[in-house]
Amino acid sequence: MESAEMTLCPIARSEGEVGDRWTVLILRELFMRVHRFEEIQAQTGGTPQMIAARLKKLQEDGLVERRRYTERPPRYEYHLTEKGEAFYPVILALRAWGERWCKSPDEGRAVNYLHRTCGKPAGLGPVCESCGQPLQRKDLITELNPAYQSEREERAEAFKASR
């Protein structure tokens with residue numbers, strides 16, 4: 001098995017930084033503007049140790065930075081860096097592939113985006129289906145499918161109840 005550092009292959013090197021399910025789910029939450037450890041844990045279902053380890057590795061790899069939001073007790077939020085933000089097209093590609101191949105059409109899209117630039121539906125990306133411009137996260141208005149919104153709320157409530 002080749003080590004990511006020992007190859008010129010960009011896929012192997014990328015997989016070394018973001019190549020597991022938990023890391024991608026953490027990145028999904030950060031892209032959904034979830035920044036606090038417990039909220040990330042609630043939505044991913046990961047153990048505290050696993051979430052902490054993945055966040056630490058994301059920091060070491062330069063995709064995430066920790067920002068203190070309270071002094072006593074010291075508490076942190078996690079935010080994407082420029083390198084982390086650059087992963088967004090990959091998230092869009094995973095979303096598009098999953099919507100097409102991993103769900104039945106009658107389930108509807110989990111998330112719909114409105115493109116601020118043209119004011120119309122953005123589609124699945126990487127370019128707006130309405131105007132053809134490349135999609136950037138800052139230019140998207142997110143609308144969660146009511147069933148997906150309920151699913152996320154139920155996970156958050158179940159997490160709170162388990163504490």
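Each remark here, short or long, concerns the structure printed above.
This report concerns the structure included in the present document. (Residues numbered from 1 in each chain as written. Predicted model: local features only at pLDDT ≥ 70, side-chain atom pairs only at ≥ 80, totals over all residues. Heavy atoms only, no water.)

1. Considerations on the nonpolar core
Just so we agree on the cut-off: We call a set of buried Ala, Val, Leu, Ile, Met, Phe, Trp, Tyr and Cys residues a nonpolar core when their side-chain atoms join them within 4.5 Å. Categorising residues by exposure relies on relative accessible area from a 1.4 Å probe, with only protein chains included: less than 20% of the type maximum marks a residue as buried, more than 50% marks it as exposed, and the intermediate range marks it as partly exposed. The secondary structure listing takes helices from DSSP runs of H or I that are at least 4 residues long and strands from runs of E that are at least 2 residues long, numbered from the N terminus. Here, two residues are considered to be in contact whenever any of their heavy atoms come within 4.5 Å of each other.
Core analysis: the biggest nonpolar cluster contains 28 residues, and I26, L27, L30, F31, V64 and Y113 have the highest contact counts within it. Taken together, the elements giving at least two residues each to this core come down to α2 (21-31), α4 (48-60), β2 (75-80), α6 (88-101), β3 (111-115) and β5 (140-144). Those residues in contact with L27 that sit more than four places away from it in its chain are V18, L58, L63, L80 and F87.

2. Here's the deal with the layout of surface pockets
In plain terms, the rule: The way it works is a 1 Å grid over only the protein atoms, where trapped points that fit a 1.4 Å probe form a cavity and open points with protein on both sides within 12 Å along at least five of seven lines form a pocket, and then any residue with an atom within 4 Å of a point lines it. Grid points are joined across faces, edges and corners, and a volume is the space filled by probe spheres set on the points. Three categories are distinguished: nonpolar for Ala, Val, Leu, Ile, Met, Phe, Trp, Tyr, Cys and Pro, charged for Asp, Glu, Lys and Arg, and polar for the others, with Gly belonging to the last.
For the largest pocket, the calculated volume is near 880 Å³. Forming the walls of the largest pocket are 32 residues, and the residues nearest its centre are R28, R95, A110, V111 and Y148. For the lining of the largest pocket, the secondary-structure elements that each account for two or more residues are α2, α6, β3, β5 and α7 (146-161). For the lining of the largest pocket, the leading source of residues is α6, giving 8 residues. Its residues placed into classes, the lining of the largest pocket shows 18 nonpolar, 4 polar and 10 charged. Roughly 360 Å³ of volume is contained in the second largest pocket. If you trace the second largest pocket, you find 15 residues lining it, with R36, F37, E38, E39 and Y69 closest to the centre. Broken down by secondary-structure element, the contributors of at least two residues to the lining of the second largest pocket are α3 (37-44), β2 and α7. Per-element accounting of the lining of the second largest pocket gives the leading share, 5 residues, to α3.

3. Concerning the sheet that holds β5
Let me state the cut-off plainly: Think of it this way: DSSP has to see at least two bridges between two strands before they count as a pair.
Spatial ordering of the open sheet is given by β4-β3-β5, a layout of 3 strands whose pairing is antiparallel. Of all the strands in the sheet, the pair left with one neighbour each is β4 (120-121) and β5. Bridge analysis of β3 against β5 gives 5 bridges, and the strand direction is antiparallel. Residue pairing across strands places Y113 opposite T142, the latter belonging to β5.

4. Some thoughts on α3
Regarding α3, the residues found buried are I40, Q41, A42, Q43 and T44. In this fold, the buried residues of α3 make contact with α2, α4 and α7. Just beyond α3, the residue with positive phi is G45, at close to 80°.

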